[in-house]
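# Working through the structure, step by step
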Amino acid sequence: MGEQEGRRRTVDVYDFRRPTTLPRQHSRVLEVAFETFARQWGTQLTAKVRLKSTATLEQLSMQSYDEYSASLPSVTSMILCRIEDCESRLVVQFPATAALSWLSRMLGGSADTAVPERKFTQIEHSLISRMVEEVLEDLKYSLGNLLTQSVTMDGIQYNSQFAQAAAPSELMVVAAFSVNVGETQCAATLAIPADVLLSGLGEVNPTVHSVDNEALVRTQLAQVPVEVAVQLTPAQVTPAQILALGVGDVLPLPHLENRPFDVTINGTRLATAAAARNGSRAAAVIVTTEEHQR
């Protein structure tokens, strides 16, 4: 029975009439960005609470704001953040009990004590605000060009059902994290209006029509570096002659003195060149060119 319970998987309800799945290429870009943010957040917590802390990205999804708020505990801390030129708010959510535990460590506490869910005092509000400001800095660094607008903290709500960060039907990109501070663990989420990120994703992963494929391949191949050799006409020798070579031996070459050098790429002759100088370096002046057609 225990093994069967361990094998059970959670099932998410999906409405095919209103698809809200991120395209694979967009999802991967966001996963990398949020994983970077998680590492930055864990490092920040470690420095503040002086205890090894980690944040791990558990899930990335796109939900309506109504679905997102319904999935949160009724009593929690939701930090609403204003995004420049955007009416909707970015949300950073974590349990108030976890935040109070972090503050206790920051202020010199040596052990985690049970703290009930409650509103922050004025001093606690100031400390949490400063922490969130640094979280937002890490977020902007991690998202890079995906979030170019300025983001500032707007306020804190303690009831997920009353917090109005966006319209109920507005889509949000939701990242769920597992935050470990010492031996304690809590769940945290980050919700960003989808329109803010998806506009940037179009620039990160531009789509190109298939008609341009040939031109794109030609352009790409034209930029590939190749090694060019300027060489004499090769001579054929036997292994016995190679093994018998010694210092001072003369190896005759079939290249005439008045004949230009061969310019080759991977053994294919493309042109001929004469010896020259370019400042303090030896150079080759192209004398003739050849076109090899198949």
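Residues numbered from 1 in each chain as written. Predicted model: local features only at pLDDT ≥ 70, side-chain atom pairs only at ≥ 80, totals over all residues. Heavy atoms only, no water.

### Here's the deal with the overall build of the protein
Basically, it comes down to this: We count a stretch as a helix when DSSP gives it H or I for four or more residues in a row; a strand needs E for two or more, and each element gets its number in order from the N terminus. Here the term buried applies to any residue with accessible area under 20% of the maximum for its type, exposed to any over 50%, and partly exposed to those in between, with areas from a 1.4 Å probe on protein chains only. The criterion used for residue contact is that any of the two residues' heavy atoms lie within 4.5 Å. To measure how exposed things are, a 1.4 Å probe is used in the Shrake-Rupley method; for residues, cover is taken only from the protein chains shown.
Tallying secondary structure elements over the protein gives 8 helices and 10 strands in all. Each of the 294 residues in the protein was classed as buried or not, and the buried ones make up 35%. Long-range contacts, defined as pairs at least 24 residues apart, comprise 62% of the intrachain contacts of the protein with a sequence gap of at least 6. In the structure as shown, the protein presents an accessible area of about 19300 Å², 52% of it carried by carbon and sulfur atoms.

### A closer look at the sheet that holds strand β8 (residues 261–265)
This is how it is decided: One requirement defines pairing of two strands: DSSP has to find at least two bridges between them. Axis lines are fitted through C-alpha atoms, for helices just across the contact stretch, and the angle between N-to-C directions can take any value from 0 to 180 degrees.
The sheet built from 4 strands is open, its strands ordered β7-β8-β9-β10 with antiparallel pairing. The outermost strands of the open sheet, each flanked by one partner alone, are β7 (229–231) and β10 (281–289). Neighbour-to-neighbour, the strand axes of this sheet turn through a mean angle of 45 degrees, independent of strand direction. Judged from the 8 bridges that link them, strand β9 (residues 268–278) and β10 form a sheet pairing that is antiparallel. Among the inter-strand pairings, T272 is bridged to a residue of β10, identified as T288.

### Thoughts on the pattern of salt bridges
Our working rule: Throughout this description, the term salt bridge denotes a Lys or Arg side-chain nitrogen within 4 Å of a carboxyl oxygen of Asp or Glu.
By the definition in use, this model includes 10 salt bridges. The shortest N-O distance in the salt bridge between R28 and E31 comes to 3.2 Å. In this pair, R28 and E31 are both assigned in helix α2 (residues 24–49), 3 residues apart and thus about one turn of the helix distant. Here D154 and R82 are joined by a salt bridge, their closest N and O atoms 3.3 Å apart. A residue pair is termed long-range when its members are at least 10 positions apart, and D154 in strand β4 (residues 151–159) and R82 in strand β2 (residues 75–83) qualify at 72 residues. On the basis of relative accessible area, D154 is assigned to the partly exposed category, the value being 39%. Within the structure, one salt-bridge network assembled from shared partners comprises K48, R130, E133 and E134.

### Here's the deal with the packing of aromatic side chains
We apply this condition: Pairing of aromatic rings covers Phe, Tyr and the six-membered ring of Trp, with a centre-to-centre limit of 6.5 Å; geometry is then stacked below 30 degrees between planes, edge-to-face above 60, and tilted otherwise.
If you walk through the whole model with that rule in mind, you get 7 aromatic pairs. Plain terms: the ring middles of Y65 and Y68 are 6.3 Å apart, the flat faces sit at 55 degrees to each other, and that makes the pair tilted. One end of the pair, Y65, and the other, Y68, are both in helix α3 (residues 65–71), 3 residues apart, so they sit about a helical turn from each other. Taking relative accessible area as the criterion, Y68 reaches 1% and is therefore assigned buried. Site record: aromatic cluster; members linked through ring pairs are F34, F37, W41 and F177.

### Regarding the nonpolar core
The cut-off we apply is this: Nonpolar core, defined: a set of buried Ala, Val, Leu, Ile, Met, Phe, Trp, Tyr and Cys residues in which side-chain atoms within 4.5 Å join the residues together.
Grouped together as the largest cluster of nonpolar side chains are 52 residues, with contacts concentrated most on F34, W41, L90, W102, F177 and V179. Counting residues per element, this core draws most heavily on α2, which supplies 8 residues. In contact with W102, not counting residues within four places along its chain, are W41, L45, V49, F94, M131, V179, V181 and C186. If you look at the next biggest cluster of nonpolar residues, it comprises 12 residues, including Y65, Y68, M78 and V174.

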